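Below, each chain spelled out in residue letters.
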Amino acid sequence: MGCSCQYKQNTKGVNMPIAASISKRISKPHLEITGNYGLSGEIKVSGAKNSALVLMAASLLTADQIRLSNVPHLTDIEGMSQILLSLGVKINNESSGLCLQANDLHHLELSYELVHGLRASFFCIGPLLARLGKAKIPLPGGCEIGARPVAEHIKGLKALGAYVSVENGVVTASVPGIQKRLKGADVILDCPSVGATETILMAAVLAEGKSSIENAAQEPEVQDLAKLLNSMGANISGAGGPKITIEGVQRLYGCKHTVIPDRIEAGTFLIAGAITRSTLRVRPVIPEHLSSLLQKLRDSGCKIHIDGDAIEINPIEVKAVDITTQPFPGFPTDLQAPFMALMTTSIGTSVITEKIYENRMQHVAELQRMGACIRLQGNTAIIEGVPALSAAPVSGGDLRSTAAMVLASLAATGTSTVEGLHHLDRGYSAMEERLNVAGANIIRY
Ligand code: UD1
């Protein structure tokens, strides 16, 4: 297949002085990454952002203390803390994580300003309805990667007996009756939405009677939520499969819970090993949570060694492989951009198709600026591997595309600058520090 990409700077090799001078002109926070430093050793993986966010919201379901450990240090977590504080939740930072107590909720409404910055704020609607019978939350709206509707969440809450109206961009929900208690119901989701499954789960645990969710999301974060809720006294079975059954209980109690390791972060670091052709270990991980990525890395020619809660990658070679993003256990959309960065340096031509979000190909143009050879047809990218990427000033348009820019820069010849750190810091805690410990050369400005 021929390549029609324009090469602006990768034919001459190293261009560090040019990149460095660009870096000095950039006033926005950015990373300056000098590529081609090999990585080695072990990178520590944080707790899962997407679990921690929903587990924090689940604390609204009881007046008792919920102690979460392995909570990652991320701006999204700070945002969720602000939202819960605004509702009246007491939050203490502990050495091992967070202690949350919702024994004096004084507010059942969220402001647009708080919701706008963090989609996960919509998680509060299920617990508030279940516990207090009322909630008012602005629609979170779309984001950089797509429209991100909440129709399935609302459908589920209505099935459980809530009155839900959407006016002027605000969702108002209430539970009728003197007891203000939701009623168990069978919900069949049109698509296995993670957020809808989690919202309905949190609403159904305190409902009267039995509920079920069919075509439920099977993501590990759903399993983690069900585990926390069961530790709080809920009666949930089937989480992690396509049908979840919930036997409603009268009340829930406090508990301690450890957040699962972040499979997306672990996957990103494994890809960092692959793209720099370095042997690298990541720990702790739950290897089954990464099965689809590990399979693709093996297909690509990387040796993968699993040792308990650690995974080591040894990229003997990196051949082109195709991926299509799917709900779990398929290839995660959140690793599509990082994997595409890897494929730009692979041997051969790969085809990457994004099936979850309509606007998740923004990294393509930036990778092209680093000399990647990519043709985009709708939500399918055809990537012809090149021998080397070259450094450039690049910018990520969302969380995972910014991570992809960091990965590409690690493998590029010369010094790149990566903007979009407000995205990156949402999902990766001090990413550059951990990569530097493994041998990378990254400076944050
Ligand atoms: C969660 C993750 C996000 C990940 C995504 C898919 C959190 C905080 N975020 O987002 O990192 O990328 O899962 O793995 O956990 N959909 C509808 N109607 C709905 C709801 C969703 O059509 O009512 C569609 C969406 O447009 C999208 C797909 O379902 O195409 C997946 O969305 P969903 O699983 O809901 O993602 P989130 O829970 O928002």
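The notes below deal with the structure included here. These figures come from a predicted structure and were not determined experimentally.

The rules we used
Residues numbered from 1 in each chain as written. Predicted model: local features only at pLDDT ≥ 70, side-chain atom pairs only at ≥ 80, totals over all residues. Heavy atoms only, no water. Helix = DSSP H or I, 4+ residues; strand = E, 2+ residues; numbered from the N terminus. Buried < 20%, exposed > 50% of the residue type's maximum accessible area, 1.4 Å probe, protein only. Contact = heavy atoms within 4.5 Å. Pairing = 2+ DSSP bridges. Core = buried A, V, L, I, M, F, W, Y, C linked by side-chain atoms within 4.5 Å. Axes fitted to C-alpha atoms, helices over the stretch in contact; angles between N-to-C directions. Parallel < 35°, antiparallel > 145°, perpendicular 65-115°, else oblique. Left-handed = near helix turned anticlockwise from the far one by under 90°. Nonpolar A, V, L, I, M, F, W, Y, C, P; charged D, E, K, R; others polar. Near = heavy atom within 4 Å. Polar contact = N/O pair within 3.5 Å; in protein donor to acceptor, adjacent residues only side chain to side chain. Areas by Shrake-Rupley, 256 points an atom, 1.4 Å probe, with all protein chains shown as cover. Salt bridge = Lys/Arg side-chain N within 4 Å of Asp/Glu carboxyl O.

**Some remarks on the side chain of serine 121**
Among the structural elements, serine 121 can be located in the loop between helix H4 (112-117) and helix H5 (125-132). By relative accessible area, which is 0% here, serine 121 ends up buried. Apart from the residues lying within four places of it in its own chain, the contact partners of serine 121 are Met80, Ile83, Leu110, Val115 and Ile137.

**Re the pairing of strand E8 (residues 170-174)**
On E8, burial follows the alternation: Val171 and Ala173 on one face are buried, whereas Val170, Thr172 and Ser174 on the facing-out side are not. Bridging between strand E6 (residues 134-138) and E8 involves five bridges; their strand directions are antiparallel. Among the inter-strand pairings, lysine 134 is bridged to a residue of E8, identified as serine 174. In terms of strand pairing, strand E7 (residues 163-167) meets E8 through five bridges, oriented antiparallel.

**Some thoughts on the nonpolar core**
One recurring pattern in soluble globular proteins: nonpolar side chains tend to sit buried together. Residues Leu61, Met80, Leu84, Cys124, Leu201 and Leu229 are the most contacted members of the largest nonpolar core, which totals 78 residues. With seven residues, the single largest contributor to this core is helix H2 (residues 49-58). Here methionine 80 is in contact with Leu53, Met56, Ala57, Leu118, Ala120, Ser121, Phe123 and Cys124, once residues within four sequence places are set aside. Leu31, Leu39, Ile383 and Tyr428 belong to the second largest nonpolar core, which has 68 residues in total.

**Observations concerning the packing of helix H6 (residues 151-159) against helix H7 (residues 194-204)**
Remark: H6 packs on H7, axes separated minimally by 8 Å, with the N-to-C direction vectors making an angle of 20°. The angle between H6 and H7 places the two elements in the roughly parallel class. Helix-helix and strand crossings are classified by hand; for H6 and H7 the assignment is right-handed. Contacts between H6 and H7 involve Glu152, His153, Gly156 and Leu157 from the first element and Gly195, Ala196, Thr199, Ile200 and Ala203 from the second. By residue class, the composition of the contact of H6 with H7 is four nonpolar, four polar and one charged.

**Section: the site of the ligand**
Near the ligand you find 17 residues, and of these Glu152, Ser193, Val194, Asp334 and Ile356 are the closest. A distance of 2.7 Å separates an oxygen atom of the ligand from a polar atom in the backbone of valine 194. A total of 740 Å² of accessible area belongs to the ligand in isolation, and the protein chains cover 81% of it. Of all the secondary-structure elements, those providing two or more residues to the shell around the ligand are H6 and H7. Ranked by residues supplied to the shell around the ligand, first place goes to H6 with three residues.

**Points about the environment of glutamate 219**
Counting through the fold element by element, glutamate 219 comes out in the loop between strand E10 (210-214) and helix H8 (220-231). Separated by 109 residues in the primary sequence, glutamate 219 and phenylalanine 328 place their C-alpha atoms 5.2 Å from one another. Ignoring any residue separated from it by four or fewer positions in sequence, one finds glutamate 219 in contact with Val194, Arg263, Pro327 and Phe328.

**Details of the pattern of salt bridges**
Using the criterion set out here, one finds 19 salt bridges in the structure. The closest approach of N and O atoms between arginine 426 and aspartate 76, which form a salt bridge, is 3.0 Å. You can see arginine 426 sitting in helix H14 (residues 421-427) and its partner aspartate 76 sitting in helix H3 (residues 75-87), a full 350 residues away along the chain. Taking relative accessible area as the criterion, arginine 426 reaches 25% and is therefore assigned partly exposed. Of the charged contacts, one joins arginine 281 and glutamate 312 as a salt bridge, the two residues approaching to 4.0 Å between their closest N and O atoms. Within this pair, whereas arginine 281 is found in strand E14 (residues 280-283), its partner glutamate 312 is found in strand E16 (residues 310-315), the two being separated by 31 residues in sequence. Arginine 281 sits in the buried class, given a relative accessible area of 18%. One continuous salt-bridge network, built from bridges that share partners, spans Glu42, Arg281, Arg283, Asp307, Asp309 and Glu312.

**Points about the sheet that holds strand E19 (residues 373-377)**
In a beta sheet, neighbouring strands pair by backbone hydrogen bonds and run either parallel or antiparallel. Pairing within the open sheet is mixed, and its four strands lie in the order E17-E18-E20-E19. Sheet topology places strand E17 (323-324) and E19 at the edges, where each strand pairs with a single neighbour. Here E17 runs beside strand E18 (residues 349-353); their pairing, made up of two bridges, is parallel. Across the sheet, threonine 324 pairs through a bridge with threonine 353, a residue of E18. Those strands touched by helix H11 (residues 336-343) are E17, E18, E19 and strand E20 (380-384), and its axis lies near 170° from that of E18.

**A short note on the packing of H11 against helix H13 (residues 399-411)**
One can describe the packing of H11 onto H13 by two numbers: an axis separation of 7 Å at closest approach and a directional angle of 25°. By the angle between their directions, the pair H11 and H13 is classed as roughly parallel. Seen from above, H11 lies across H13 with right-handed handedness. Counting all contacts with H11, which are made through Ala337, Pro338 and Ala341, the residues of H13 involved are Arg400, Ser401, Ala404, Leu407 and Ala408.

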